[in-house]
Every structure is written in structure tokens, then in C-alpha cells.
Amino acid sequence: MKKLKWIPALILMLALLVGIGYSAAYGLGADKSGSLSSIDLGLDLAGGVSITYEVVGDENPSKEDMNDTIFKLQQRVDQYSTEAQVYQEGSNRINIEIPGASDANKILSELGQPGNLYFISHLDKDGNENYTYHSGFTTDENGNMKLEEGVTPGYQLNKSIDELLADGSIVLSGDQVASSQVVGQNDEYGKQEPVVSLEFTKEGGEAFAEATKKAFNNNQDTIAIYYDGRFISVPSVKAEILDGKSVISGGFTFEEADRVATNIRVGSLKLQLQELRSNVVGAQLGSNAIRTSLIAAAVGFALIAVFMIVFFRILGLSATLALGFYCGLIVFLLSAFEMTLTLPGIAGIILSIGMAVDANVLVFARIREEIAVGKAVDDARKNGYNKALSSILDGNITTLIIAIVLRVGGTGSIKGFAETLILGIILSMFTALVVTRAITSIFFGLGIQNPVFYGKAKTVSTKPFVQKRKIFYAISCAVVAVGVVFMIVNASQGKGAFNYSLDFVGGTSTTVTFDKAYDFATVESDIVPQIKEVTGAKEVLPQAVEGTNQIVFKTGTLTVDQREAFDKMMEEKYGVSNDNIAAETISSTISGEMRVDAVKSLVIALILMLIYIWIRFKDIKFGAAAIIALAHDALVVVVAYAISRYAVGTTFIAVVLTIIGYSINDTIVTFDRIRENQHNATNKKELGELVNKSVSQTITRSLFTSLTTFFTVLALYIFGVADIKAFALPLMVGVICGTYSSICIASPVWYDLKTKVKKAAKK
């Protein structure tokens, strides 16, 4: 009779799983919201809009002005997508590529000509009007009102911006705005409307106070707020404003107000730009990348399911069903939050899947330990979740700290990686701690209560990890040393220590107009290898321009001889004349500022993580050992790139960040077991036994988690296109390295810090 009570719960659980699966596959409503097809994809997976701006009035702007303008434009286009790219083309052009968009005209109208903010006094020093209101109507000779041709109703400037700057009529500009944000304010009818709230710098506040005093004393005259080539508002000054604050209200929607606030916050551009051209471009990895990635995901899921069910039986089945919930929910939430998914984003999801599986493995291992000491299955389930909770929370929170700091301080693909990781971590904890537990409760309630269905932990033999730590250290040092030798040799041969991709060093963008359209598979299998052969380029990124026969080939910087070889091959093989080939030098998409921001964010994240571990474990040596292990993993991945000559670009950043997140989660779990077993271990022998015992107890769980993560990445490597293989292979190396460090490096390092620091303190 009791079993029957659980049947509705089982039906409800399966119905929810089917519903979430249906939503992920087909979506909800006419726009298929919540489905895989509704997720915004990045330039690498789906293409987008490409806009080229040209500097007005200066054919050779300085490098500093170009870099400053590119950096500020990157911050502006982040409002469309964290994966948008901004880079220099030629000497005076800037390219903006925004993923997931298909209407270039719409993006152009929203982005507009990147403009500046000015506060303009109504009258100049001689009493002449700087701007005038035009109604758009005039009177004819008979006194009748008629629409005046060529005149747009509203305020019009009577002088150019340069003239206004010269005669001092511009009170202050966007450079003197300290902060800009959207707030709600009641309009004249008492209705809430979004407005842009400004706070000026000290200099700006003083200038604004002087201007408002002058306008107020002149019969409450107006001061115009002029932004992006148009009047936003022209308010009358009702009082002298001394607090250095102002509000821009112009009947905005929230999105419009947010865009204005963002652009003002970024600041004025040093260069004036005008649109040169705009195109819709295809996926950088080709349309086949999505299909193969989905196949890889399905195969990876199947491998994880088989592995979990074989090793953990009914608990593994529960985890597999919960992972199904996770996959459906992550698709739904990526769509709902309008996140842009790219290769770095996929890396964030892979890491969170690994953490979701890891949480389940932690719980299941604890349940088996409880059953092994004679506890009833129901008690073992409850105790298993209670004992594993601390490890799960600590591992996820430390990774979450890294993700949040990278989201706040990072830009571009780093921000995209962080966003998907944050979402994945929260969702993985929910599915592991709530969904899996609910499913296991349902199975238990249905009568699956025999310990045979759950398994029993085997007696663990303690391995001498501490005694062999010097061997582990030597292996790591040897690997790093070999990598350093490769870097030195490559650098001495003029190849560079690393094989930097276009993302880091820029190169040449060559637009070829063919006499017919080529599909991406043909371009990738036939044309790209020929370009590599005749130019010697190691990296060629093709990108189709939608609606045309044009394909843009991005390579490393080509010499004159290489360009001539390129042109000759195109003419001989494809009948393309020189007139239909245009080559331009392009800058890196990862600017110096972005690199500095990434490093700063990572340093801050590591410091915060160190503080968290110190507080939770009440021993800063745990935090120090964790950071040493992270440095070890990052170094090994870096030298792996140096040895293999794999291209160092955006995917490199994603791989390193993924391994850092993966490694810290793995390490914290081992540390948590050390903390649990520590008791009164004080002397060197006892601490050595403590480390050996704790690592031995958690090694199976570390290996199981690594295998499930490895399965997912391996499937990507087997089924993915070339660029995804180049992403998956170093990630597999990183997973192996992260597992090695959490078992063989982190805990022995803690032992050395614990014993040697204490010994030094006594001296």
C-alpha cells in the first residue's frame, strides 16, 4: 500500500522530464522559446552582423587613439552580446562583429554612429542662440500655415560642434560624467518612466553648477542635452544645481535608456567614425559545427549514463535522470536569459556538467560508506547527503567565486564563459542536491530498498602519497622544464614561444568574390588547405558573407610574396581576378586592455578564493596549497600548448579557465576529507598518515568524476569539426592534469607547508 503512494510521484517526475525534454527540443509557443534552436549562438557557431566604420577626417590616426576607440566600442557592443568582437582593419577602419544577428540595418540603427554627449548652453557669450526650435511649419504670403519642406520639427543646432567647443558654449561633455545608470522617475502625470541618472566628476560638477546658475539667472533659460547627433532633451533650469547630478529624460523605453546610459558610461570616443559597410556573415566554424556538437553531446551523455548505472546501480540511474533534467533546464535558461553560446560557453557548460556528476559521485560514495558500516539504506541515504554537503558547497562556491569575478571584471569571451559557468554551477547544485535526492527517494519508496541495488564501499588500502611526493614533484617539474625548453628553442628560431592565433596578434583579412557560391564544407576541405599550402599560413579562418559569393579568409599577417601566391592560386584554381581580391591588415580581437582585465580579474578571484578557504578550513595553508596546485595545472596546460604548437587564442583562455575551475573543485573535496579526518593529528608522522588516508579515500571519486568529464570532451574531439578538436584535445590534457594535481600535488604540498612552516616557526 505504501508503494502505491509513490507511483504518482514517479509519474509526475517522468512527466516533468518529458516536458523539459520537449521544451528543449521543440520550444514553447510560435517563437520556440526555451528550445535549443532559440539560443543565441556566437560568431563561431552561427555568424552575425559585421559593420565596418571609418575614421572621419584623419587617414592616419595614432595607434593610441585607435586602441582607445576600439576598447570603448568593445564595451558598447557588449550590450548586444558578450561575444561581440571589435578589431582594427587597415590604418583607419574598425570592424564590429555582433553574433546572432541577421538584420544589419537594425543593428546599425540601434548602434548608430557612435556619438558623444554634450551639455550645450542656449546662448553663446555674445547672446546668439546656439540652437533653435523649429515647428516644421511656416506661413505663406496669405498668412496660412504650411509644412516647411526639408525641415524636421524639433530643436536644430545653429553651429557645428567644433564651433560650439571653440566659443565655450559646450558646458561639459561625456568625459566629465563619473557615473551613468538607469533609474525610475515619475513623469508629470505620476507615471514611472526610465531615465538616465548622471553624476559628474568634481570638475564637471563645478562647470555644471556655473552653467545652471547662469541659465537660471537668465529667466530660467534652457541647457540642451545633445547626444549621438540629436537632442535628447532641452530642459529649463529651475534652480542652480550644486550637487553635481543630472537626469536625462526623453520618453525612453528601458532598453533605450539602458543603451544611452551604457554609452555615456563608456565615455566619448576619441575619433569620429562613419559607417563604411555592413554585412551579414556566416559561422566561423561552419553550420556543421552545431550538428556535430549535438552528436557529441548525445554520445557523451550516453557514456556518462552507462558509466554511472554500471558503477552506482540505482543511484546511477537517479543521477542519469537528474542529468537529463539538468540538460533540459540549461537549454531553457540559456534561451530565457538570452545568453550567447560560443566555444568558451560550451567549456563552461562542460565544467558544470562535470561538477554536477561530481556532486552525485560524492553523495553516492558517502552512501556506500554508510552501508558498509551497517547502516540501513534509508539512514545511509540521509547521512550520505548530510556528510557530502560540506564538500559540495565548498567546491562549488570556490568555483563560483572565480566565475563571478570573471563575469564582473572580464570582457568578451571571458565574460561569456563566466556567465554560462555561473548558471551551470547553480543548476548543477540544484539537480544534485534536490532533483537526484527526490528521485532516489521515489525509487526507495517504490520498494527498491535492498543494499544490493545501492552497493557497498570496499575497504580502502592507504597509499603512500606523502612518501612519494618528491617523485610527483619531479615529474611535474620535468614536464614544465621540457615545455620551457621548447619555448626557448622555438623563440630562438624566430617562430615565437607560442603559436599565437589571430585573436592575440591579428593578421590579414582577405575578401574574395567568387563567380559562384561555395558551401562551407567545400571551403574548409578544399580551399583552406590550398591557402595553407601556398602561403604557409598555419591558421586560416573562413567566413561567408550572406547573400553574396564573397568569403573572408583571415590568416596570420601575409607578406607581399605570400599575398601574390594567394592571388595566383585563386586565379589559377578558381578564376578569381585580382580585382575581386581585397586584403587588409587586421588587429587582434583580444586587446591589451582585455588581457589586463582578465589577469586582474583572475588575481582578484584567487585572492577571494584564498580568503574563503582560509575562513572555511581555518588554515591558510589549505588555500596556499590550492593556489600552488592551480598554478601547476595552468603551467602544464601552457607548456602543452608550447610543445604542440596549438594556436593560442580565445579557446586557450577557455581551456585554462575551465581547468582552473575543475581543479579547484577536485582539490577542495580532498581537502574537505583531510579536515574531517584531521582530529588531533599534529606531528609529522600523523599528518603524513592523515594525508595518505584522506587522498586514498577520495581517489576513486576523483577518478570517476574525471572519467565522466573526459567522456564528454572525448566525444567533442571525435565528432567535432577541426576547430572544436583543437579546443577539446588540450581540454582533455587539462582534465588529466587537474586530476593528477588534486591527487598527487595539492595534498602533499599542504603537508609540506604544514610541517615545514611549523618547523621554521619553532626555530
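We now turn to the structure provided with this report. Fair warning: this is a prediction, and the values are worked out from it, not measured in the lab. (Residues numbered from 1 in each chain as written. Predicted model: local features only at pLDDT ≥ 70, side-chain atom pairs only at ≥ 80, totals over all residues. Heavy atoms only, no water.)

## Re the state of the cysteines
For clarity, the threshold we go by: Disulfides are defined in this document as cysteine sulfur pairs within 2.5 Å.
Counting across every chain of the model gives zero disulfides. The thiol of C477 is not disulfide-bonded; the next cysteine sulfur, from C737, is found 13 Å away. In this structure C744 is a free cysteine whose sulfur lies 11 Å from that of C737, the closest cysteine sulfur available.

## Observations concerning the sheet that holds strand β14 (residues 230–233)
The condition that has to hold: At least two bridges found by DSSP between two strands is the condition for calling them paired. Counting from the N terminus, the helices are DSSP H or I runs at least four residues long and the strands are E runs at least two residues long. Orientation is described by lines fitted to C-alpha atoms, with helices fitted over the stretch in contact, and by angles between N-to-C directions that extend from 0 to 180 degrees. Two residues form a contact once any of their heavy atoms are found within 4.5 Å.
The antiparallel open sheet is built from four strands, whose spatial order is β10-β5-β13-β14. If you trace the sheet from one side to the other, it starts and ends with β10 (170–173) and β14, each paired once. Put simply, the sheet's adjacent strands are angled 30 degrees from each other on average, direction ignored. Bridge analysis of strand β5 (residues 117–121) against β10 gives three bridges, and the strand direction is antiparallel. Bridge pairing in β10 places Y118 opposite S173. Relative to the sheet, helix α6 (residues 202–217) contacts β5, β10 and β13 (223–227), its axis offset from that of β10 by approximately 150 degrees.

## Brief notes about the side chain of D672
Residue position: D672 is located in helix α18 (residues 650–678). Other than its neighbours up to four places away in sequence, D672 contacts S390, S391, D394 and F617.

## Thoughts on the packing of aromatic side chains
Quick note on the threshold: Centre distance within 6.5 Å is the pairing criterion for rings of Phe, Tyr and Trp, where only the six-membered ring of Trp is used; planes under 30 degrees apart are then read as stacked, over 60 as edge-to-face, and the remainder as tilted. Only protein chains enter the accessibility calculation, which uses a 1.4 Å probe; a residue whose area is less than 20% of its type maximum is buried, one above 50% is exposed, and one in between is partly exposed.
Evaluation of the coordinates by the stated rule reveals 25 aromatic pairs. With 5.6 Å between their ring centres and 65 degrees between their planes, Y131 and F231 make a pair best called edge-to-face. Residue Y131 is located in strand β6 (residues 131–134), and its partner F231 is located in strand β14; the two are separated by 100 residues in the primary sequence. Side by side, Y131 and F231 carry an identical accessibility label, which is buried. Between F514 and Y518, the aromatic rings sit 5.1 Å apart at their centres with planes inclined by 70 degrees, giving edge-to-face as the arrangement. You can call F514 buried: its relative accessible area is 4%.

## What to know about the pattern of salt bridges
Inclusion rule: Each salt bridge in this description consists of a side-chain nitrogen of Lys or Arg and a carboxyl oxygen of Asp or Glu lying within 4 Å of one another.
All told, the structure shown has 21 salt bridges when counted by the stated rule. Across the salt bridge formed by E676 and R366, the nearest N and O atoms sit 2.4 Å from each other. Remark: R366 occurs in helix α9 (residues 343–372) and E676 occurs in helix α18; sequence separation between them is 310 residues. Given a relative accessible area of 5%, R366 falls into the buried group. We note a salt bridge from K754 to D619, for which the minimum N-O separation is 3.0 Å.

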